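Topology and contacts: notes
So you can see what is in the structure, the chains are spelled out below.
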Amino acid sequence: IRILGTHRRLPILARARGAPKPVCLIVPDGFATECVFLFEFGVRCALLAPDIQFALRLHPLVSFEEISDAATSQGLPENFELSELSVSEDLSRSRWALYRGSSVAIHGVLAGLRPLYVSRQDEMSIDPLYELRDWRCIIQNPDELIAQVRSDLSNDQRRLAVESRAAVEYCEKYFAPLDPLAMEAVIC
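Notes on the structure in this doc start here. (Residues numbered from 1 in each chain as written. Predicted model: local features only at pLDDT ≥ 70, side-chain atom pairs only at ≥ 80, totals over all residues. Heavy atoms only, no water.)

**Re unusual backbone geometry**
This is how it is decided: Helix and strand definitions follow DSSP, with helices as H or I runs of at least four residues and strands as E runs of at least two, each counted in order from the N terminus.
Of note in this structure, Asp122 is not a glycine but carries a positive phi near 60°. Structurally, the position occupied by Asp122 is in the loop between β5 (114-118) and β6 (137-139). The phi dihedral of Trp135 is positive, around 75°, even though this residue is not glycine.

Written as C-alpha cells, this is what we have:
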C-alpha cells in the first residue's frame, strides 16, 4: 500500500511575529447554524478577554450575509474581526483554533495552533480530531476557553511545542502531502 497524499494540504507559512495581541482563529464548518453558533461564542469570549484578538474565518460556502443578523444585533467588540486573509495567513498569525467540525483544525495543528473544540451538551461529537487525547482541549463555555488561553500564555512556548508534537504527527498522517512517486510506483 502506498499513500498518495492529498491536494488539500495547505502551505504552512512562517509564524507571523509582532502581532499586538495573540489571535484565536474561529473556524466553523460550512453550515450557517454552526457559523452563527461559533460567531456568538467568539463574541462572548472577546468580551471576556480584550487582550486577545478573535478572528472569525467563514467557510467558503457561507457568506457574511447569512450570519449578519447575529452580527448586527450585537455590535462587535474591538478585538473581534471577520477575517479576509487567506487560510494560511490566518493560521500563521494565530495561536489557537476554535472549531467544531471544520477540518481547518487539522491544518491548524500542523501550523502549531492548539485546537479548542467547543462541545455542546447532549450532542454527539463532530470533532475531526476526536482521536487526539493530548494537546486538543474540549471546552463548553467561554470561561473555559479563556482559562486555557491564559494558561498557554503563561507557559513556556518551547514546552508547549513539545506537548504538541504527537498531535502534529497525527495530523501529518491525516493530510499527508501529495506524493506523485506513489502513483508512479503503482502504475509501473
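Following the structure, the description resumes.
**Remarks on the pairing of strand β1 (residues 23-27)**
Heads up, the condition is: Throughout, exposure labels follow a simple rule: accessible area from a 1.4 Å probe, protein chains only, divided by the maximum for the residue type, with under 20% read as buried, over 50% as exposed, and the rest as partly exposed. Strands qualify as paired when DSSP identifies two bridges or more between them. Handedness of a crossover is defined as follows: with both strands directed away from the viewer, a clockwise route from the first strand across the helix to the second makes it right-handed.
With 5 of its 5 residues buried, β1 lies for the most part within the structure. Here β1 shows two buried faces, one formed by Val23, Leu25 and Val27 and the other by Cys24 and Ile26. Summarising the sheet, β1 and strand β2 (residues 53-56) pair through 4 bridges and their orientation is parallel. The partner of Cys24 across the bridge, within β2, is Phe54. Note that the unit made of β1, helix α1 (residues 32-48) and β2 has a crossover that is right-handed. Note that β1 and strand β4 (residues 96-99) share 4 bridges and pair parallel. Bridge pairing in β4 places Cys24 opposite Trp96.

**Let's talk about the sheet that holds β1**
Note the following rule: Between N-to-C directions, angles span 0 to 180 degrees; the directions come from axes that are lines fitted to C-alpha atoms, helices contributing only their stretch in contact. Here, residues are in contact when the closest pair of their heavy atoms is within 4.5 Å.
Spatially, the 6 strands line up as an open sheet ordered β3-β2-β1-β4-β5-β6, and their pairing is parallel. Two strands close off the open sheet at either side, each with one partner strand: β3 (80-82) and β6. Adjacent strand axes in the sheet meet at a mean angle of 25°, parallel and antiparallel pairs treated alike. Pairing analysis gives 3 bridges linking β2 to β3, with the strands arranged parallel. For Ala55, the partnering residue across the bridge sits in β3 and is Glu81. Strand contacts of helix α5 (residues 142-154): β1, β2, β4, β5 and β6, with the helix running at about 170° to β5, the strand carrying the most contacts.

**Things to note about the nonpolar core**
Basically, it comes down to this: We define the nonpolar core as a collection of buried residues of types Ala, Val, Leu, Ile, Met, Phe, Trp, Tyr and Cys that are connected through side-chain atoms lying within 4.5 Å of one another.
Of all hydrophobic cores here, the largest spans 26 residues; its most connected members are Phe41, Phe54, Phe80, Leu98, Leu116 and Leu145. Those elements giving two or more residues to this core turn out to be β1, α1, β2, β4, β5, β6 and α5. In terms of residues, this core owes the most to one element, α1, which gives 8 residues. Non-local contacts of Phe41, meaning those with residues more than four positions away in its chain, are made with Leu98, Val118, Ile139, Gln140, Asn141, Pro142 and Leu145. The next biggest cluster of nonpolar side chains, apart from the first, holds 23 residues, and it includes Ala97, Ile106, Val109 and Cys171.

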